[in-house]
Amino acid sequence: MMLSSLIFIPLLFGIVAFLAKSSAKAMALLGSLASLVISGYLSAQAAHTPLTFSMPWIPQLGTQFSLLADGMSAMLCLLTAIVMTVVVLANWDNEIERPTSFWGLMLLSQAGITGVFLASDVLLFYFFWELAIIPVYFLCSRWGGERRIAVTFKFFVYTFVGSLMMLAAIIYLAMLNPGADAYSWANITRAGAALSPQNQTWLFWLFFGAFAIKMPLFPFHTWQPDTYEQASTPVTIILSALMVKMGLYAVIRWLFPALPDGVAFWSNTVIILSIIGIVYGSFLALSQTDLKRLVAYSSLAHMGLMCAAAFAKTQPGIHGLMVQMFNHGINITGMWLIVQMIENRWGSRDMTRLGGMATGAPHMAIALVILAYANIALPLTNGFVGEFMMFHGIFQSASPYHITFMVIAGLGVILGAAYTLKMVQKTAFGSLAPMVVAKDMSLGESAALAFIVALVIFLGVYPKPLLDLTGNVAQLMFP
Amino acid sequence: MKAIIAATLIGVLMMFVSISVKNKSSIVASATILFAALFGINIWEVVTAAQNTSGAQTFFNGMLSFDGFSLWFNMLMTGCSLLFVLLLGNEIAKIGNHVGEYFALISFILVGVFLLSGYNNLLILFIGIEILSIPQYILAGSDKRNLKSSEAALKYFLMGSFSTGILLMGIALLYGATGTFDTIGLRMLQTDALNPMALAGIIFLIVALGFKVSAAPMHMWTPDVYDGSPTPFMAYMSTIGKVAAFVAFLRLFHASFGSLSSHWMLIVAIVTAATLLVGNLTAVFQQSVKRMLAYSSIAQAGFMLFAVLSVNAIAWQGIIIYAVAYTVASVGIFAVLVKLKDYTYDGFNGLARKEPALAFFATICLLSLAGIPLTGGFMAKYFVLMAAVQQGQVMWLVIFALLMAAISAYYYFRVIIAMYFKQGAPELNSEVSNYDKLLLGVTCTLVILIGTVPQFFLHN
């Protein structure tokens, strides 16, 4: 019951926010705070024993409305709730056009994303997968930069094609063992794992295409920089902190157990693509002047590393990946919030026209520096633990090229330091560029950023809660 | 059977109403009441059939037989017709001076639908197809002052007669091969010693029925006829008229030719692929939403052909759920379309600002047509594709169909983009009353219900 409330609370608050005339923002805050409380409680529980919920849905098909929260799901639900709360807080004083639709859609997308993380029935999973994308489509097309409509459409077509290919694979797997629980996680993984390796190799791409587009993995990424740039920042946060995690999560939850031979066959290919993504993303980030594009490409590089760690298929790699999924979500939320604040105050995202934040808005500059350190994964920030474990995992992987993989992926860390510090230098230091609105952070923004920065430092110094939460899951996958 | 008699009587009654009543709105009101009564009769038939365990009821020496499935289908289609009359009745009244006759023709179409869902004999199939088609020829030309409407009627009539000839030829060949018109008798056709005459007959039937469901390459008439016809009647022809032909298609090919599927499977698979390709690709290039919907109805037919292709029980559930989901969503989007003066995409620009409720309901219907989860269109596509996957030989076609579904998102979302993200001042034909909003709300609720709890619409 508590599990389904995590989905229905944002859904209900979202509908109320649509109908409410003026208090949409308050509804969004209430909804996300309620989810935050529940998912916090859930995480405390799920670290020991996974929680489940199940009721019949469509008997003719054999699908159930069944949810499961183990450590990984609970952690990602917690991340979703934290990010939503922070986004609402940070935008408390910002004027957003048509707030009722905006916050209503935001809450609907939260419901969809949470559902993806909780569903343990593959058709239900697919439902939420699409339910998450539809509100985001409207959010990206309605609010944002000038080219937003065309850019969003490209994004939508990409993800929709991916989803439909996944649908073909889902039908195929479910029809192998039709019955009362044809779509359950247990049945899908059993049916898939029993398939011949040849069948698994082509089914792999039907599934993985959808996830690779969502992450995005290197050649499937072309929607990403444009969409991140054109969407309004709260929506970009939803996209980059939460929706990309849907792809990684689905790889770990569904793809690995369902098609083990397919994964084994393609894992080197995927790691090579990921590593190309790391280097490519890092170099492009280095040459950007637009802040949003810089963060977008840096996110591409980070996702590449996470994907490589997943396909290294080792226990420390997966464990580190799960921890990093949480921490990346926190860090990138902070980065986007700072970018948004810079844009609000200086009226530009062009780094050549920025500078002097340390004198103009000192509190913001402090937060920026801390988040930059976390982005580089400096020790004592939360980025360090996960990244270290992921490198460890890649090094341990059974692939014959594991040392090459690690060396080239390690290049990403160095490049990451270069572009992140360049960004800090250009925005925070130097002479003060003229500000449109000359003030430091507002109360809501301070609250949001303080929360983020506190998490960055706390989880950097004491990552044990996160490690405990996800440890069981990693151990079950790779004993 | 009671429903056939009742629908015929309603048709006759409406003709008398049209002579004796001059006030258009009272004609619409009486038609609504009569269709509601017909719906009630259909529900009654379903309920009594459920209590009666002796199996299908047969009539005319077994030429017609109504089992639970046919009655269920008839009930759903009558329900959709009622929804259609409720949503578009006032628009029908604006088309011409013979309002009563239009409703009479619609109830005659329903007689055809009922015959096609229950025929057991190729002669009844023929009669059913004709009863279904002839009123549609007339309705297509009902806007007499409009040259395009007359053109549509003539084109439809000529092409339709031609396909009827092919249908008769196919029936004749099958009779020559087996000596029977009976669909049960046709099951005697053996796979190993299949008479070439019978095979030719089956191919003729694929062509003739393919014409009625506007499957490529027999689809050429569709865009012009639908575009030229008055919009409310296009809504009816492209939904209920089409899905009834599909049920006839399924009934014959599953029940009688199911064991021969290896002979016709490939032909139907190619027709399906061609239909999906032509429908979706051509719809992309349309500038008028009405014409886009005409091509999209071809594309949707491509998905329904999957039910014909997969000879199994899921296909029957698939065609039911597809029929309802597609009809409800299409009727909804047409009810929005008739409100607008300009049928081009630009005519939709800025509708969300002017009429938020109308735009919202249109969006739900379009999402359903595009097959987005949570809407009926998704469940419909899901069921027919599932049937095809279970059938086992056409996985390539399933993947192809899903790629085509992605293309279809392009043209459906163009309307959504125009409504929500473009600036403009759309001109409306008439005020959107609260009554319209209520009915559209009911329609969209149905769309969502089909998409979330399809079991209530399936026949168990």
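Keep in mind that what you see is a predicted model, and the values were worked out from it rather than measured. (Residues numbered from 1 in each chain as written. Chains lettered and ligands numbered in written order. Predicted model: local features only at pLDDT ≥ 70, side-chain atom pairs only at ≥ 80, totals over all residues. Heavy atoms only, no water.)

**Q** For the overall build of chain A, give the residues involved together with the corresponding values.
**A** In terms of regular secondary structure, chain A is built from 19 helices and two strands. The C-alpha radius of gyration of chain A comes to 21 Å, within 12% of the 23 Å expected for a compact globule of 479 residues. By principal-axis analysis of the C-alpha atoms, chain A measures approximately 65 × 55 × 45 Å. Taken across its 479 residues, chain A has 67% of its residues classed as buried. Look at the contacts in chain A between residues 6 or more apart in sequence, and 81% of them connect residues 24 or more apart. Averaging the positions of the 21 positive and the 18 negative side-chain charges in chain A gives two centres separated by 3 Å. (Helix = DSSP H or I, 4+ residues; strand = E, 2+ residues; numbered from the N terminus. Rg over C-alpha atoms; globule rule 2.2 N^0.38 Å. Buried < 20%, exposed > 50% of the residue type's maximum accessible area, 1.4 Å probe, protein only. Contact = heavy atoms within 4.5 Å. Lys, Arg positive; Asp, Glu negative; His and termini not counted. Charge placed at Lys NZ, Arg CZ, Asp CG, Glu CD.)

**Q** I'd love a proper account of a nonpolar patch on the surface, names of residues and values included.
**A** Residue and element names in this part refer to chain A. Among the surface-exposed residues, F395, I403, V407, I408, L411 and I414 lie close enough to one another that they form a single nonpolar patch of about 550 Å² accessible area. Here the nonpolar patch gets five residues from one element, more than from any other, and that element is helix α17 (residues 402-428). In this fold, I414 is placed in helix α17. (Patch = residues over 30% accessible without salt bridge, like charges linked within 9 Å, V, L, I, M, F, W, Y side chains within 5 Å. Areas by Shrake-Rupley, 256 points an atom, 1.4 Å probe, with all protein chains shown as cover. Salt bridge = Lys/Arg side-chain N within 4 Å of Asp/Glu carboxyl O.)

**Q** How would you summarise the nonpolar core if you had to cite specific residues and measurements?
**A** The nonpolar side chains of a soluble globular protein tend to be buried with one another. Counting 386 residues, the largest nonpolar core has F208, F211 and F311 of chain A together with F103, F253, F257 and F306 of chain B as the members making the most contacts within it. At 19 residues, the largest contribution of residues to this core is made by helix α12 (residues 313-337) of chain B. Both of domain 1 (1-258) and domain 2 (261-479) of chain A provide at least three residues apiece to this core. Setting aside residues up to four positions removed in sequence, F253 of chain B forms contacts with I202, L205, I206, L209, G258, W264 and V308 of chain B. (Core = buried A, V, L, I, M, F, W, Y, C linked by side-chain atoms within 4.5 Å. Domains from an automatic or database assignment.)

**Q** Give me helix α13 (residues 315-346) of chain A: which residues, what numbers.
**A** Residue and element names in this part refer to chain A. With 32 residues, α13 extends 46 Å from end C-alpha to end C-alpha; this agrees with the ideal 46 Å at 1.5 Å per step. Counting buried positions along α13 yields 29 of 32 residues, so the element is predominantly enclosed. Immediately beyond the C-terminal end of α13, within one or two residues, lies G347, with a positive phi of roughly 70°. (Expected span 1.5 Å × (residues − 1).)

**Q** Kindly report on the packing of aromatic side chains, identifying the contributing residues and their values.
**A** Given two aromatic rings, their pairing is described by the distance between the two centres and the angle made by the two planes. Evaluation of the coordinates by the stated rule reveals 59 aromatic pairs over all chains. Ring plane angle 20° and centroid distance 6.2 Å describe the contact between F8 of chain A and F65 of chain A, whose orientation is recorded as stacked. Here the residue F8 of chain A occupies a position in helix α1 (residues 2-19), and F65 of chain A occupies one in strand β2 (residues 63-69), the gap between them amounting to 57 residues. Under the relative-accessibility criterion, F65 of chain A is labelled buried at 13%. When the ring of Y175 of chain B is compared with that of F181 of chain B, the centres are 4.5 Å apart and the planes differ by 25°; the resulting orientation is stacked. An aromatic cluster is present here, built from F204, W205, F208, F220, F256, F265, W266 and F311 of chain A joined pairwise through their rings. Lying across the ring of F303 of chain B, K381 of chain B places its NZ or CZ 4.8 Å from the centre. Of note, R414 of chain B hangs over the ring of Y345 of chain B, and the distance from its end group to the ring centre comes to 3.8 Å. (Phe/Tyr/Trp six-rings, centres within 6.5 Å; stacked < 30°, edge-to-face > 60°. Lys NZ or Arg CZ within 6 Å of the ring centre and 35° of its normal.)

**Q** Talk me through the pattern of salt bridges; I want residue IDs and the actual numbers.
**A** The final tally for this structure, using the stated rule, is 17 salt bridges over all chains. We note a salt bridge from D468 of chain A to K464 of chain A, for which the minimum N-O separation is 3.0 Å. Remark: K464 of chain A and D468 of chain A occur in helix α19 (residues 464-477); sequence separation between them is four residues, near one turn of the helix. The partly exposed category is assigned to K464 of chain A, whose relative accessible area is 43%. E151 of chain B is the salt-bridge partner of K155 of chain B, the closest N and O atoms lying 3.4 Å from each other. A residue pair is termed a helical-turn pair when its members lie 3 or 4 positions apart in one helix, as K155 of chain B and E151 of chain B do in helix α6 (residues 147-178) at four residues. For E151 of chain B, a relative accessible area of 42% gives the class partly exposed. Linked through salt bridges whose partners overlap, the residues forming this network are R147, D226, E229, D290, R293, E343 and R349 of chain A.

**Q** Give a detailed account of the interface of chain B and chain A, specifying residues and quantitative values.
**A** Every contact between the two is made by 36 residues of chain B and, on the other side, 33 residues of chain A. Between chain B and chain A lies a buried interface of about 3,200 Å² when both sides are counted; carbon and sulfur atoms form 82% of it. Looking only at chain B, the three residues that lose the most surface to chain A are Y382, L402 and F421 of chain B, adding up to 21% of its buried area. Where chain B meets chain A, there are zero salt bridges. (Buried area = accessible area lost by both parts, 1.4 Å probe.)

**Q** So what's going on with the domain arrangement of chain A? Residues and values would help.
**A** Residue and element names in this part refer to chain A. Here chain A is partitioned into domain 1 (1-258) and domain 2 (261-479). Distance from the C-alpha centre of domain 1 to the C-alpha centre of domain 2: 22 Å. With 52 residues of domain 1 in contact, the opposing surface of domain 2 contributes 56 residues. Both faces combined, the contact of domain 1 with domain 2 buries some 4,600 Å², and carbon together with sulfur accounts for 75% of it. Contact with domain 2 buries surface across domain 1, with M75, F218 and F256 losing the most and accounting together for 14% of the total. Counting every contact that joins domain 1 to domain 2 gives three salt bridges. Note that R293 is salt-bridged to D226, the shortest N-O span being 3.2 Å. Those elements that place two or more of their residues in the side of domain 1 that touches domain 2 are α3 (71-90), α8 (197-214), α9 (224-230) and α10 (233-258). If one sorts the elements of the side of domain 1 that touches domain 2 by residue count, α10 sits on top with 14 residues. Class assignment of the residues belonging to the side of domain 1 that touches domain 2 gives a composition of 34 nonpolar, 13 polar and five charged. (Nonpolar A, V, L, I, M, F, W, Y, C, P; charged D, E, K, R; others polar.)

**Q** Break down α12 of chain B for me, with residues and values.
**A** In this model α12 of chain B runs 36 Å from its N-terminal to its C-terminal C-alpha over 25 residues, within 8% of the 36 Å that 1.5 Å per residue would give. Counting buried residues along α12 of chain B, 24 of its 25 residues qualify, which places the element largely inside the surrounding structure.

**Q** Describe the environment of L61 of chain A, and please don't skip the residues or the numbers.
**A** Position of L61 of chain A relative to the elements: it lies in the loop between β1 (51-58) and β2. Leaving out residues up to four positions away in the same chain, L61 of chain A has contacts with L123, G179, A182 and Y183 of chain A together with M379, Y382, F383 and M386 of chain B.

**Q** Residue-level account of the pairing of β2 of chain A, with values.
**A** Residues and elements named next belong to chain A. Of all the seven residues making up β2, five are buried; the element is thus mostly covered by neighbouring parts of the structure. Bridge count between β1 and β2: seven bridges; the pairing is antiparallel. Looking at the pairing, L51 lines up with A69 of β2. What sits between the antiparallel neighbours β1 and β2 is a turn of four residues, in which G62 has the positive phi angle 85°. (Pairing = 2+ DSSP bridges.)

**Q** Kindly report on the packing of helix α7 (residues 185-193) of chain A against α10 of chain A, identifying the contributing residues and their values.
**A** Residues and elements named next belong to chain A. Where α7 contacts α10, the two axes come as close as 7 Å, and the packing angle between them is 40°. On the basis of the axis angle, α7 is oblique to α10. Across the interface between the two elements, W185, I188, T189, G192 and A193 from α7 touch R253, W254, P257 and A258 from α10. Per-class residue counts for the contact of α7 with α10 are six nonpolar, two polar and one charged. (Axes fitted to C-alpha atoms, helices over the stretch in contact; angles between N-to-C directions. Parallel < 35°, antiparallel > 145°, perpendicular 65-115°, else oblique.)

**Q** So what's going on with the side chain of D290 of chain A? Residues and values would help.
**A** Residues and elements named next belong to chain A. Its location among the elements puts D290 in the loop between α11 (260-286) and α12 (291-312). Side chain to side chain, D290 and R349 meet in a polar contact 3.3 Å long. Discounting chain neighbours no more than four positions away, the residues touching D290 are E229 and R349. (Polar contact = N/O pair within 3.5 Å; in protein donor to acceptor, adjacent residues only side chain to side chain.)

**Q** Requested: an account of the packing of α11 of chain A against α17 of chain A, with residues and values cited.
**A** All names here are of chain A. Axis separation between α11 and α17 bottoms out at 9 Å; the angle between their running directions is 20°. One way to sum up the angle between α11 and α17 is to call them roughly parallel. As α11 runs across α17, the sense of the crossing is left-handed. In this structure, α11 uses N268, I271, I272, I275, I278, V279, S282, F283, A285 and L286 to contact α17, whose residues at the interface are F405, I408, A409, G412, L415, A418, Y419 and K422. (Left-handed = near helix turned anticlockwise from the far one by under 90°.)

**Q** Could you give me a rundown of the side chain of E130 of chain B, with the residues and numbers involved?
**A** Residues and elements named next belong to chain B. Locating E130 in the fold gives a position in helix α5 (residues 122-140). Lacking a salt bridge, the buried E130 has K212 as its closest oppositely charged neighbour, with an N-O distance of 4.9 Å. Residue contacts for E130: discarding those within four places in its chain leaves P135 and T164.

**Q** For the environment of A111 of chain A, give the residues involved together with the corresponding values.
**A** Residues and elements named next belong to chain A. Mapping A111 onto the fold places it in helix α4 (residues 99-118). With a relative accessible area of 0%, A111 lands in the buried category. Along the backbone, A111 and V151 are 40 residues apart, and their C-alpha atoms lie at a distance of 24 Å. Discounting chain neighbours no more than four positions away, the residues touching A111 are I7, P10, L11 and F128.

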